[in-house]
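Analysis of the macromolecular model
For reference, the chains in residue letters:
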Amino acid sequence: MLRMSELIERKRNGNKLSASEIRWIIQEYVAGTIPDCQMAAWAMAVFFQGMNAEETMELTMAMAQSGDILEWSLKDKLVVDKHSTGGVGDKTTLVVVPLVASCGVPVAKMSGRGLGHTGGTLDKLLAIPGFNVELSSEDMRRQVGDIGLAIAAQSASLVPADKKLYGLRDVTACVDSIPLIASSVMSKKIAAGAQGIVLDVKYGSGAFMTTRDRAQQLAEIMLAIGEGLGRSTRALISPMEEPLGMAVGNSLEVMEAIEVLQGGGPKDLREICIELAANMLMVGGRTGNEREAQALAVQGLQGSNMPGASVQEGFPQKVITQEPTRSTPAWQMFQTLVAAQGGSLDAFWEEVQGQRRHGIEPVLFLSPAKGTLARLDARRIGQAAMLLGAGRDTQDSPVDVHAGIQLYKKCGDTTEKGEPLMALYLSSQEPTPQEKMGRVCEVLKDAIDFRIN
Ligand code: URA
């Protein structure tokens, strides 16, 4: 008869747990017979003592098997998924899912909501009026079969162990543990039935892994789990020192993703989208050649110019017209996705423009110095966006889809004293009190450093 207190003690003392012990912990925790206090103590013991590769693999399987496991059988085609370990301004899913599907590789993407300084894909999609993220496994299967892509919230029947354990880790400072992150991420990919998996492991101030070394260790263990379980898996390691792209906040990020889908957008965002998509095409078996995969991804973001359409750069905010500048295959696929899940891009543009019409104008944050922007701290920018209403500090806090930060400068850009560095879009649900704006400005001042030229 196993006793949780003994297993906590063994892990606390740095011993290895067996497969049957790990399985027992997960089963009993999900069944409610192991209380949160013991599970939290065990998670902390894992945090300090770690787990070896075998234990991490067993934990992943035990978590995946705590609920339903989906299986895909699309004739001749592998269904692929991608996962980013989280960051600020990371809207890559909105671009790469339609991009990869437009190249003929089906994508079934399960996404999450944002928490703390990091954003979540579901919150971004919910900025599009009507977009339904609650698809059943059956709806998801039908939609991927019909149009080749779907993005949905993870259903409650998939990996219930992760939902419960992640909530506990979040409030007990046990999130940034390599075996716990690896098993959390990979159990969800395995349960969702992904046959090819691409991982974007972030490092830097805005990521869970602050150094490249730790990101590399996390990538290696996740690759070993994926390959060990027979899923073709590739991993990228990418920086998250400054936000990705120029937009942080849900509707601002949808607009920026649309720019990339239409063949434009910021260079850093576009480049990582191409890289991720190329890797997804490879794990999906579209091609085994890296160059060809890259070329296919680039082509998916190229298309014919649409006469008469335009993107206007109107200061202080960017005004993107409803009409695409270029009709690319990826943009067409994005529109198909939005329509299939009940969303309306017309209503999205209406709302964005309505915000402006109702006088909810952004506040400009001006450069306090002349020089070169040497640091634009992703975590701090994410925290400021959250305070403005774009993110949630607890799992139940509401999110304002129109709040956020539009950057005008990134690291390496020069600026004059008094020149706008960014525009702050305030929550439209409540007037932002002076005191809160004061805190936002404090956080932003702490986010930037200059090199005086
Ligand atoms: N993302 C996850 O899905 N799980 C973690 O533990 C951390 C990031």
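Up top is the structure.
Structure report, in brief. (Residues numbered from 1 in each chain as written. Predicted model: local features only at pLDDT ≥ 70, side-chain atom pairs only at ≥ 80, totals over all residues. Heavy atoms only, no water.)

Re the overall build of the protein
Just so we agree on the cut-off: Counting from the N terminus, the helices are the DSSP runs of H or I reaching at least four residues and the strands are the DSSP runs of E reaching at least two. Buried means the residue's accessible area, taken with a 1.4 Å probe over protein chains only, is under 20% of the maximum for its type, while exposed means over 50%, and partly exposed covers the values in between. A contact between two residues is defined here by any heavy atoms of the two lying within 4.5 Å. When charges are counted, Lys and Arg are positive and Asp and Glu negative, with His and the chain ends excluded. A charge is said to be at NZ when it belongs to Lys, at CZ for Arg, at CG for Asp and at CD for Glu.
When helices and strands are tallied, the protein shows 17 helices and 16 strands. Projected onto its principal axes, the C-alpha coordinates of the protein cover approximately 70 × 50 × 40 Å. Counting across all 453 residues of the protein, residues that qualify as buried make up 55%. Restricting to contacts in the protein with at least 6 residues of sequence separation, those with at least 24 account for 76%. Treating the 45 positive side-chain charges of the protein as one cloud and the 53 negative ones as another, the clouds have centres 2 Å apart.

Looking at helix H14 (residues 329–340)
The condition that has to hold: To estimate how far a helix should reach, multiply one less than its number of residues by 1.5 Å. Directions pointing from the helix axis toward each C-beta atom define the arc.
If you check H14, its first and last C-alpha atoms are 16 Å apart, about what 12 residues at 1.5 Å a residue would give, namely 16 Å. Every buried residue of H14 is accounted for by Ala-330, Trp-331, Met-333, Phe-334, Leu-337 and Val-338. In a view along the axis of H14, the buried residues occupy a sector of 160°, so they form one face of it. Directly beyond the C-terminal end of H14, a positive phi value near 80° is found at Gly-342.

Some points on the environment of Gln-143
Rules: Two N or O atoms count as a polar contact when they lie within 3.5 Å, although within protein this holds only if one can serve as hydrogen donor and the other as acceptor, and sequence-adjacent residues are included solely when both atoms are side-chain atoms.
In this structure, Gln-143 sits in helix H7 (residues 137–147). Sequence spacing of Gln-143 and Pro-129 is 14 residues, and the spatial spacing of their C-alpha atoms is 19 Å. A distance of 3.0 Å separates a polar atom in the side chain of Gln-143 from the backbone oxygen of Leu-149.

A look at the environment of Lys-75
Tracing the chain through its elements places Lys-75 in the loop between helix H4 (53–64) and strand S1 (80–84). Using a relative accessible area of 73% as the deciding quantity, one classes Lys-75 as exposed. Residues Lys-75 and Ala-339, spaced 264 residues apart in sequence, show a C-alpha to C-alpha distance of 25 Å.

With respect to the sheet that holds strand S13 (residues 404–407)
Either a parallel or an antiparallel arrangement is found when strands of a sheet pair, and the pairing is made through backbone hydrogen bonds. Note the cut-off: When DSSP finds two or more bridges between a pair of strands, those strands are recorded as paired.
Spatially, the four strands line up as an open sheet ordered S6-S13-S15-S11, and their pairing is antiparallel. Whereas interior strands pair on both sides, the edge strands pair on one side only; in this sheet they are strand S6 (247–248) and strand S11 (363–366). Where S13 lies against strand S15 (residues 420–425), four bridges are found, and the strand directions are antiparallel. Residue Ile-405 lies in a different strand from S15, and its bridge partner there is Leu-424.

Here we look at the site of the ligand
Quick note on the threshold: Only a single heavy atom is needed: when it lies within 4 Å of a molecule or strand, its residue is near that molecule or strand. Surface accessibility follows the Shrake-Rupley procedure with a 1.4 Å probe radius. Residue values consider only the protein chains on display as shielding. Nonpolar residues are Ala, Val, Leu, Ile, Met, Phe, Trp, Tyr, Cys and Pro. Charged residues are Asp, Glu, Lys and Arg, and all others, Gly as well, are polar.
Surrounding the ligand, one finds His-83, Tyr-166, Arg-169, Ile-181, Ser-184, Val-185, Lys-188 and Phe-208. Residue Arg-169 places a side-chain N or O atom 2.9 Å away from an oxygen atom belonging to the ligand. Here Ser-184 contributes a side-chain N or O atom positioned 2.6 Å from a nitrogen atom of the ligand. For the ligand, whose unbound accessible area comes to 240 Å², protein coverage reaches 91%. Breaking the shell around the ligand down by element, the ones donating at least two residues are helix H8 (160–171) and helix H9 (178–191). Broken down by class, the residue content of the shell around the ligand amounts to four nonpolar, two polar and two charged.

Comments concerning the packing of aromatic side chains
To keep it simple, the criterion reads: Ring geometry is summarised as follows: Phe, Tyr and Trp rings, the Trp one being its six-membered ring, pair when their centres sit within 6.5 Å, and such pairs are stacked at plane angles under 30 degrees, edge-to-face over 60 and tilted between the two. Placement of a charge over a ring requires the Lys NZ or Arg CZ to be within 6 Å of the ring centre, with the centre-to-atom vector within 35 degrees of the ring normal.
The final tally for this structure, using the stated rule, is three aromatic pairs. Taking the centre distance of 6.1 Å and the plane angle of 20° together, the rings of Trp-331 and Phe-334 count as stacked. Remark: Phe-334 and Trp-331 occur in helix H14; sequence separation between them is three residues, near one turn of the helix. Judged on exposure class, the residue Trp-331 and its partner Phe-334 are both buried. Taken together, a centroid distance of 5.3 Å and an interplanar angle of 65° make the contact between Phe-348 and Trp-349 edge-to-face. An identical accessibility class is assigned to Phe-348 and Trp-349; each is buried. Residue placement shows Arg-141 over the ring face of Trp-72; its charged tip is 5.8 Å from the ring centre.

Side note on unusual backbone geometry
Not every positive phi belongs to a glycine, and Asp-76 is a case in point at roughly 60°. With respect to the secondary-structure elements, Asp-76 resides in the loop between H4 and S1. Accessibility expressed as a relative area gives 81% for Asp-76, which makes it exposed.

Some remarks on the pairing of strand S12 (residues 371–376)
A regular strand carries its side chains on alternate faces of the sheet. Where S12 and strand S14 (residues 414–415) come together, two bridges link them in antiparallel fashion. Bridged to Gly-371 within S14 is Thr-415. With four bridges joining them, S12 and strand S16 (residues 448–451) adopt antiparallel strand pairing. By the bridge assignment for S16, Thr-372 is matched with Arg-451.

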